[in-house]
Amino acid sequence: MKKYLQLIFLFLFILTNALFAQESIDLQKEVEVKTTMLVIITIVFIIGLIVAYYVSKKYLPSDMMQKARMANVDITDFGVLKLRAKGEFDIEKILEELIRAKIANVDIKLSDIKDVINGVGGVNLGIIIDNLIIANKAGLNDVNIQDLYRHSLINHNVSDFVKAKIKIRNGKLEEMITNEILEDHLMAGGDMIAFVDNISKAKKSGVKVDMQELMKANLDKEGMDKIISTLIRAKKANVYIANDELENDADAFHNNKISQNGLLQIYSDDKNVEDYLEAIIKAHKFGIDNILLSELFEFALTKDANVLEIVNALIKAKRGNLDMTLNDIMVFSLNQGDVNNFVEAYLISKSSNLELSISDLEQHQLSGGNVLNYVKALKIAKNPDFGISKKEIEELSLKGGNVLSCSLAILRARELNVELDWTNSSQITLAGINPVEVILSCVNPKIMHVTPFKVVGKDGIVLRIHASIAVKLKIKKYFNGSGDQTLFERVSEAIIHEIGKYPDNKTIVQSLGEISNHALHHLQEQKETNDHSKYELEDITIPEIETLEDIYAELKKEHAHIEAIATKTTAEAELLAAEAKVENAFAEAIKTGQVNDYFKHKIYKEKQNATSDSKEEEPPKKDNHGDAHH
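None of the values given here were measured: they were computed from a predicted structure.

Overview of the overall build of the chain
Moving on, step 1. Counting its regular elements, the chain contains 31 helices and six strands.
Moving on, step 2. Restricting the contact set of the chain to residue pairs at least 6 apart, pairs at least 24 apart contribute 63%.
Moving on, step 3. Surface summary for the chain: the accessible area is close to 37100 Å², and the carbon and sulfur share equals 51%.

So, helix α24 (residues 422-430)
Moving on, step 1. Turning to α24, its buried residues are W422, S425, S426, I428 and T429. Projection of α24 onto a plane perpendicular to its axis shows the buried side chains occupying an angular sector of 160°, all on one side.
Moving on, step 2. Residues of α24 that are buried make contact with α22 (390-398), α23 (403-415) and α25 (435-443).

Brief notes about the packing of helix α18 (residues 326-334) against helix α20 (residues 358-366)
Moving on, step 1. Two elements in contact, α18 and α20, have axes whose closest approach is 10 Å; the angle formed by their N-to-C orientations is 15°. One way to sum up the angle between α18 and α20 is to call them roughly parallel. The hand of the α18/α20 crossing is right-handed. Here α18 contributes D328, V331 and F332 to the contact with α20, which in turn contributes I358, L361, E362 and Q365.
Moving on, step 2. Looking at the contact of α18 with α20 residue by residue, the classes come out as four nonpolar, one polar and two charged.

Here we look at helix α28 (residues 512-524)
Moving on, step 1. If you check α28, its first and last C-alpha atoms are 18 Å apart, about what 13 residues at 1.5 Å a residue would give, namely 18 Å.
Moving on, step 2. Packed against the buried residues of α28 are α26 (484-499), α27 (505-510), α29 (527-531) and β4 (535-550).

Considerations on the environment of T429
Moving on, step 1. Tracing the sequence through the fold places T429 in helix α24.
Moving on, step 2. Along the backbone, T429 and S405 are 24 residues apart, and their C-alpha atoms lie at a distance of 7.6 Å.
Moving on, step 3. Setting aside anything within four residues of it in sequence, one finds T429 in contact with L396, G401, N402, C406 and P435.

Quick look at unusual backbone geometry
Moving on, step 1. Even without being a glycine, N321 presents a positive backbone phi close to 55°.
Moving on, step 2. If you trace the backbone, N321 turns up in the loop between α17 (307-319) and α18.
Moving on, step 3. You will see that E355, though not glycine, has its phi angle at about 60°, which is positive.

Section: the confidence of the model for the chain
As a note on interpretation, predicted positions should not be read in detail where pLDDT is low.
Moving on, step 1. On average, residues of the chain score 78 in pLDDT, and 72% of them reach the 70 mark or higher.
Moving on, step 2. Element-level mean pLDDT values for the chain span from 42 in strand β6 (residues 628-629) up to 95 in helix α21 (residues 371-381).
Moving on, step 3. Low confidence marks residues 83-87, where pLDDT is under 50. Its contacts with residues over four positions away, or in another chain, come to five contacts.

Description of the side chain of E362
Moving on, step 1. Mapping E362 onto the fold places it in helix α20.
Moving on, step 2. Of the side chains with opposite charge, K350 comes closest to the buried, unpaired E362, at an N-O distance of 13 Å.
Moving on, step 3. Aside from chain neighbours lying at most four places away, what touches E362 is D328, V331, F332, N335 and F342.

Here is what the cut-offs are and how they apply
Residues numbered from 1 in each chain as written. Predicted model: local features only at pLDDT ≥ 70, side-chain atom pairs only at ≥ 80, totals over all residues. Heavy atoms only, no water. Helix = DSSP H or I, 4+ residues; strand = E, 2+ residues; numbered from the N terminus. Contact = heavy atoms within 4.5 Å. Areas by Shrake-Rupley, 256 points an atom, 1.4 Å probe, with all protein chains shown as cover. Buried < 20%, exposed > 50% of the residue type's maximum accessible area, 1.4 Å probe, protein only. Arc of directions from axis to C-beta. Axes fitted to C-alpha atoms, helices over the stretch in contact; angles between N-to-C directions. Parallel < 35°, antiparallel > 145°, perpendicular 65-115°, else oblique. Left-handed = near helix turned anticlockwise from the far one by under 90°. Nonpolar A, V, L, I, M, F, W, Y, C, P; charged D, E, K, R; others polar. Expected span 1.5 Å × (residues − 1). pLDDT = per-residue confidence, 0-100. Lys, Arg positive; Asp, Glu negative; His and termini not counted. Salt bridge = Lys/Arg side-chain N within 4 Å of Asp/Glu carboxyl O.

Given below as structure tokens:
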């Protein structure tokens, strides 16, 4: 309160000087007016202070007074804040936070936290003070409550901001990561801790990070990690060059080394920066760094080529002492060809004296052929005993056939004594089938499972048969012979025929091997049918048989049901016949006049049925006139 009394006197002194500073004609009247104004203003000012004081007293219990003095806070300040507060106002909690800050040697003015107290931005005062204390202990003199409040409004995580600032100070990164850069990164949604860690790693590894260019790239965490880790690896492999060492901004791959700008350019084009680095490292390691990597990289970026594959192809060409240039490989790559296969094909051509030039291989690839398979097939055909011309191989290759598989199939067929010519082999490969596998199927039996089928034994038991067959392919009937389904039907028919010879289910189950052998023998005797099949039947087995329903038992059940229906029908017919007779008798009684006797007898029967006791009543007697008496 003392502070506010001092303010009152100061205010009165200044106001008095101001009022009496001007000269006036009627000095006495002037003094009276100004004195009156001074008194009114003073009274209003004092009333305002008294209201603030009593508001503070009202909302600040007596036990809080001591806490207010501990926090070096005048309770009148709380009254002013309370009058201005827009929401809940927990004075006790605020005092506790200020006392905690005071104990930690952190001075906070109420005017600094008025927005926090009013709940602007949903910021937690306790969290801000926690981190302010941490920053103070770490010696971060440039971090104040306004900074933390501003960052809390950005992402509500002031803890990361303080940690990042500590890491910057400890890593002596203040010149590289300014508050402006850190805030820009934060505003872009970046991870502050990861960002600072990456810059720190780069500095420790001797990588000069161009912060301005890095921030322009607007990288996410994954991109930042990848760029920095790749630069560090490049530095260790001695293929790194700093941005400030480049002759111009466009020369991102100066002296066959990679720069930060180069990596950012690669990354922005959605390329794998690690592949490009690996290409540079390999180029230096295997002595092909005399090629202009900037030209290669520009080609790879604009033509969507795989730079690592091109470098691997160059290394293979160098090892094979081939007269291939970077331009040769890049041109081949434009034709969507595999550059490694291109180099290997040329290597085989050279070593086997096939007399094929680089342009021959490029033309073959451009025409739709596979250069590596083509060259390997020509190498096989170079043997005079093979008997297949270069023209035949080239024609099949340009049609899309696998000439290498065809050539290998012919060699394998000759070894296994299987008749196979180039025409049949070509047909097979053009159908998308490996002719080598077909040849092996002609020698090694293939197991096939016949579609399960049902058969009825002589005893009426229904069986489900599961049969398997072993077959070999007939190479000459591969395309025009009958196929799987036809063979399955023939096998099923043969097995059903054999099962029909056995008297009952039990005998069938005990004779499966015999049934299989007889069915096989029966089918093998059908020479004409066998000649039309693409398969040669080797064996039949019945590994499983299922017993289903008993047809005879079902038939008996059906027969009994039918008989029951017939019996019921007969009884109903007899009843109808009896009722007909009664009707006829009634009609006759009418004609003969005996109808009354009929009704008398009927009434008597109805009464007899209605009687509840077991005693039998006598029939009514007739008098001489024929009337009935009870």
